[in-house]
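Residue-level listing of the chains:
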Amino acid sequence: MNQRRARGSSASLSRRHFAFGWLPFLRPKHISLNNARFRIVRHGNSRRHYLLIHGNEETARRVLLRFMETHEGTAFLIEGNTRNVSLEGGELDPNRMFSRAGAEANLKNLNPDWNPQRVNSALAVLDRGRERLLKALLPRDRGVLVALHNNSEAYSVKDEVDISDSVSLREPANPHAFFLCTDRSDFAILAMSPYNVVLQQSKPKEDDGSLSRLAAARGLRYCNLEVALGNADRQFEMLRWLNENVK
Ligand SMILES: [Zn+2]
């Protein structure tokens, strides 16, 4: 009885969603996976999606918000200003939550005092909400998902060269600014830019739970845009180049 009622009400909810879902003020303004909560900013009807996954990458956040004022697409910006989010009393890197294996390794690494039971209950929380979040984040109709990141001295394109399928280093003196994409056609276009770009199309052996790994495994079009923290003008310029040339 309860189950039938529940099913009936969700059916009427989806009918309502179908009828009125296009009205902008009825579309959700946030989507969450536990404490990883994303603000949704929409502009126009482009199928292109943008993502800020690390809350402490403030340059990328400002660049993306400014970009969305004048460009079409849907942006997802994680709330909070820390790299990691809290999960079941511990910590999790939100760009390691897109697979169970990646999340497990990350939870064990960031919460060394957790016993296996605690790890498993946190993984169960992620398992319940992961596909719902992905359904929102991943663009429809072969649209491209662009994730903006900022790096520090510790990370640059040099760390990706050896594990990439193809590489174009047009700007070797500035290794912190680069694109990392999962689609060979997108790579071919980005390789004509004056910027560094790497292609990671074949899924890496190790499943680190990142969105780029998931996109490679599922054959989706995905592109990371990395620049050094603080370099807003450069990140805006590269984002505009990608937007104008990768369709
Ligand atoms: Zn990042």
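Before reading further, recall that the structure is shown in the block above.
Residues numbered from 1 in each chain as written. Predicted model: local features only at pLDDT ≥ 70, side-chain atom pairs only at ≥ 80, totals over all residues. Heavy atoms only, no water.

Caption draft 1: Summary view of the environment of Arg66. In this structure, Arg66 sits in helix H2 (residues 58-70). On the basis of relative accessible area, Arg66 is assigned to the partly exposed category, the value being 38%. Between the alpha carbons of Arg66 and His49 there is a distance of 15 Å; along the sequence they are 17 residues apart. Apart from the residues within four sequence positions on either side, Arg66 is in contact with Asp233 and Phe236. (Helix = DSSP H or I, 4+ residues; strand = E, 2+ residues; numbered from the N terminus. Buried < 20%, exposed > 50% of the residue type's maximum accessible area, 1.4 Å probe, protein only. Contact = heavy atoms within 4.5 Å.)

Caption draft 2: Broad picture of the coordination of the zinc ion. The coordination sphere of the zinc ion contains the protein donors His54 (ND1), Glu57 (OE), Glu57 (OE) and His149 (ND1), at a distance range of 2.0 to 2.5 Å. Considering all 4 donor atoms around the zinc ion, angles at the metal cover 55 to 144° and the coordination shape is irregular. On the primary sequence, the residues serving as donors to the zinc ion are separated as H-x2-E-x91-H. Here the residue His54 occupies a position in the loop between strand E3 (49-52) and H2, and His149 occupies one in strand E7 (residues 145-151), the gap between them amounting to 95 residues. With respect to burial, His54 and His149 carry one shared label: buried. (Donors = N, O, S within 2.8 Å, 3.2 Å for Na, K, Ca; no water. Tetrahedral: all angles 85-135°; square planar, octahedral: opposite > 155°, others 65-115°.)

Caption draft 3: Geometry of helix H8 (residues 232-245). In this model H8 runs 20 Å from its N-terminal to its C-terminal C-alpha over 14 residues, within 8% of the 20 Å that 1.5 Å per residue would give. Ala232, Arg234, Gln235, Phe236, Met238, Leu239, Trp241, Leu242 and Asn243 are the residues of H8 that are buried. Buried residues belonging to H8 abut E3, H2, E7, strand E9 (178-181), helix H6 (184-190) and strand E11 (222-228). (Expected span 1.5 Å × (residues − 1).)

Caption draft 4: Representation of the packing of helix H4 (residues 116-137) against helix H7 (residues 211-218). Taken N-terminus to C-terminus, the directions of H4 and H7 make an angle of 80°; their axes are 13 Å apart at the nearest point. Viewed along their axes, H4 and H7 adopt a mutual orientation that is roughly perpendicular. On the side of H4, the interface is formed by Glu131, Leu134 and Leu137, while H7 contributes Leu211, Leu214 and Arg218. Looking at the contact of H4 with H7 residue by residue, the classes come out as 4 nonpolar, no polar and 2 charged. (Axes fitted to C-alpha atoms, helices over the stretch in contact; angles between N-to-C directions. Parallel < 35°, antiparallel > 145°, perpendicular 65-115°, else oblique. Nonpolar A, V, L, I, M, F, W, Y, C, P; charged D, E, K, R; others polar.)

Caption draft 5: Quick look at unusual backbone geometry. Phi angles above zero are rare outside glycine, and Glu88 is one such case at about 50°. The topology assignment puts Glu88 in the loop between strand E5 (85-87) and strand E6 (90-92). Even without glycine at this site, Asp141 takes up a positive phi of about 55°. Mapped onto the elements of the fold, Asp141 is located in the loop between H4 and E7.

Keep in mind that these numbers describe shape and distance, not what the molecule does.
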